[in-house]
Amino acid sequence: MRVWGRTALGAGLALALVTTSQAAAQEIVSARYDGPTTRYPHGVLGDDIEYDTLLVRLSDGREISARWARDIVFEDLAPRVVDVDGDGAPEVVVVESHESQGARLAIWGLTDGGNLATKAATPFIGTRFRWLAPVAVADLDGDGLVELAYVDRPHLAKVLRVWRYEPLRAGHVALTEVATLEGVSNHRIGWDYIAGGLRDCGQGPEMVLADAGWSSIVTVTFDGTSLSRRQLGDYTADALERALGC
């Protein structure tokens, strides 16, 4: 009986370990917003409807969600599912806006317990009805770490900001601003899309944007320290799409 008991206990422990491992192995495969709300009537994306809920689908088919009950909404077009920390499993990058502090870029992911939670975020801009428009989430300088780039207030300040995401020990992360560039934009008030984005035409990653006056198309590269800008030609919507396609 003692031998049988030890064997059964070992089998039970092995089953528990397998179950825990399977749960931990679940990954985010898609994401969307839900819970439409009008409690933040900015209208920068063409209407007064934003969202209070982030919903993700996992690789086992389950859906889990997180909801802002007050103060914050997702002021965004769609969540971006991308591996930010380099572990092979995707996170979700979103634009959030606070009712009195404006927008920030936030990274959501799964906790060890399988819940959906914020992993890191940039500071809020600081003023209500001030927004940011994402440009890229990628390793822009080839150092193995992912950068997150957005245009801060594309209708007003028109500043490109680049932040580096660096996983640290004990589950902590550092999200550090590493470069800025003035005089570019990627959105006009009321548009339900963000112009430009990221391309790689064989020379490495390039961000494609409009200049501040929307008269020309520019590419911007990051070398790990600073941003370099190059003009491609006159701006039109079609020319911008062609530039993205190399």
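Per-chain numbering applies: the sequence of each chain, read as written, is numbered from 1 onward. Restriction of local features to residues with pLDDT of at least 70 applies here, the model being predicted, together with a cutoff of 80 or more for giving and counting side-chain atom pairs; totals for whole chains, interfaces and linings are based on all residues. The basis for the side-chain values is all heavy atoms of the structure; hydrogens and waters are excluded.

In the nomenclature of an unreviewed UniProt entry, the protein chain corresponds to VCBS repeat-containing protein from the organism Marivita cryptomonadis.

A. Just the overall build of the protein chain, in detail. By definition, any uninterrupted DSSP run of H or I lasting at least four residues is a helix, any uninterrupted run of E lasting at least two residues is a strand, and each is numbered from the N terminus. Helices and strands together make up the secondary structure of the protein chain, namely 2 helices and 17 strands. Buried, partly exposed and exposed residues are distinguished by accessible area as a fraction of the type maximum, computed with a 1.4 Å probe on protein chains only: under 20%, between the cut-offs, and over 50%, respectively. For the protein chain, the proportion of its 246 residues judged to be buried stands at 41%. By sequence separation, contacts in the protein chain at least 24 residues apart represent 48% of the contacts at least 6 residues apart. Here the Shrake-Rupley method, with its probe set to 1.4 Å, supplies the accessible areas, and only the displayed protein chains count as covering residues. Accessible area for the protein chain stands at about 12400 Å²; split by element, carbon and sulfur atoms hold 50% of it. By the convention used here, residues are in contact when the closest approach between their heavy atoms is within 4.5 Å.

B. Layout of the pattern of salt bridges. A pairing counts as a salt bridge when a side-chain nitrogen of Lys or Arg comes within 4 Å of a carboxyl oxygen of Asp or Glu. Scanning the model with the defined rule gives 17 salt bridges in all. A salt bridge links Asp52 to Arg67; its shortest N-O distance comes to 3.2 Å. On the criterion of sequence distance, the pair formed by Asp52 in strand β2 (residues 50-58) and Arg67 in strand β3 (residues 63-67) is long-range, its members being 15 residues apart. On the accessibility criterion, Arg67 (55% relative accessible area) is exposed. Between Asp71 and Arg70 there is a salt bridge whose closest N-O contact spans 3.8 Å. In this structure Asp71 comes out as partly exposed when scored by relative accessible area, which is 26%. What emerges from the salt-bridge pattern is a single network uniting Asp141, Asp143, Glu147 and Arg164.

C. Local environment of the packing of aromatic side chains. Aromatic pairing here means that ring centres of Phe, Tyr or Trp (its six-membered ring) are within 6.5 Å. Orientation follows from the plane angle: under 30 degrees is stacked, over 60 is edge-to-face, and everything else is tilted. Under the counting rule described, the total for this entry stands at 8 aromatic pairs. In this structure an aromatic cluster arises from ring pairing among Tyr33, Tyr51, Trp68, Phe74 and Trp108.

D. Helix α2 (residues 237-244), seen in detail. Along α2, the positions that sit buried rather than exposed are Ala239, Leu240 and Ala243. Along the axis of α2, the buried residues cluster in a sector spanning 100°; they form a single face. What points out from α2, more than 90 degrees from its buried face, is the exposed set Asp238, Glu241 and Arg242. Close packing links the buried residues of α2 with β14 (197-200), β15 (205-211), β16 (216-222) and β17 (227-234). One or two positions beyond α2, positive phi appears at Cys246, with a value near 65°. To obtain the arc, one takes the directions from the helix axis to the C-beta atoms.

E. Up close: the sheet that holds strand β11 (residues 159-167). Strands sit in the order β9-β10-β11-β12 across an open sheet of 4 strands; the sheet is antiparallel. Only two strands of the sheet have a single neighbouring strand rather than two, namely β9 (132-138) and β12 (173-182). On average, adjacent strands in this sheet sit at an angle of 20° to one another, irrespective of strand direction. Two elements, β9 and strand β10 (residues 146-152), share 6 bridges in a ladder whose sense is antiparallel. Counted as the bridge partner of Ala133 is Val151 from β10. The criterion for strand pairing is that DSSP finds at least two bridges linking the strands in question. In this analysis an axis means a line fitted to C-alpha atoms, helices contributing only their contacting stretch, and an angle means the value between N-to-C directions, from 0 to 180 degrees.

F. Up close: unusual backbone geometry. Unusually for a residue other than glycine, Asp71 sits at a positive phi of about 70°. Tracing the chain through its elements places Asp71 in the loop between β3 and β4 (72-74). Phi angles above zero are rare outside glycine, and Trp214 is one such case at about 55°. Residue position: Trp214 is located in the loop between β15 and β16. Look at Trp214 and you get buried, because its relative accessible area is 9%.

G. Quick look at the environment of Val162. Tracing the sequence through the fold places Val162 in strand β11. Residue classification places Val162 among the buried positions, given a relative accessible area of 0%. Counting along the chain gives 16 residues from Val162 to Val178, while the straight-line C-alpha distance between them is 5.8 Å. Excluding anything up to four places from it in sequence, Val162 contacts Leu140, Glu147, Leu148, Ala149, Thr176, Glu177, Val178, Ala179, Met207 and Leu227.

H. The pairing of β2, seen in detail. With respect to burial, β2 is a largely interior element, 7 of its 9 residues being buried. Looking at chain direction, strand β1 (residues 28-37) and β2 are connected through 8 bridges and run antiparallel. For Ala31, the partnering residue across the bridge sits in β2 and is Val56. Linking two consecutive strands that pair antiparallel, namely β2 and β3, is a turn of 4 residues; a positive phi of about 95° is found at Gly61 within it.

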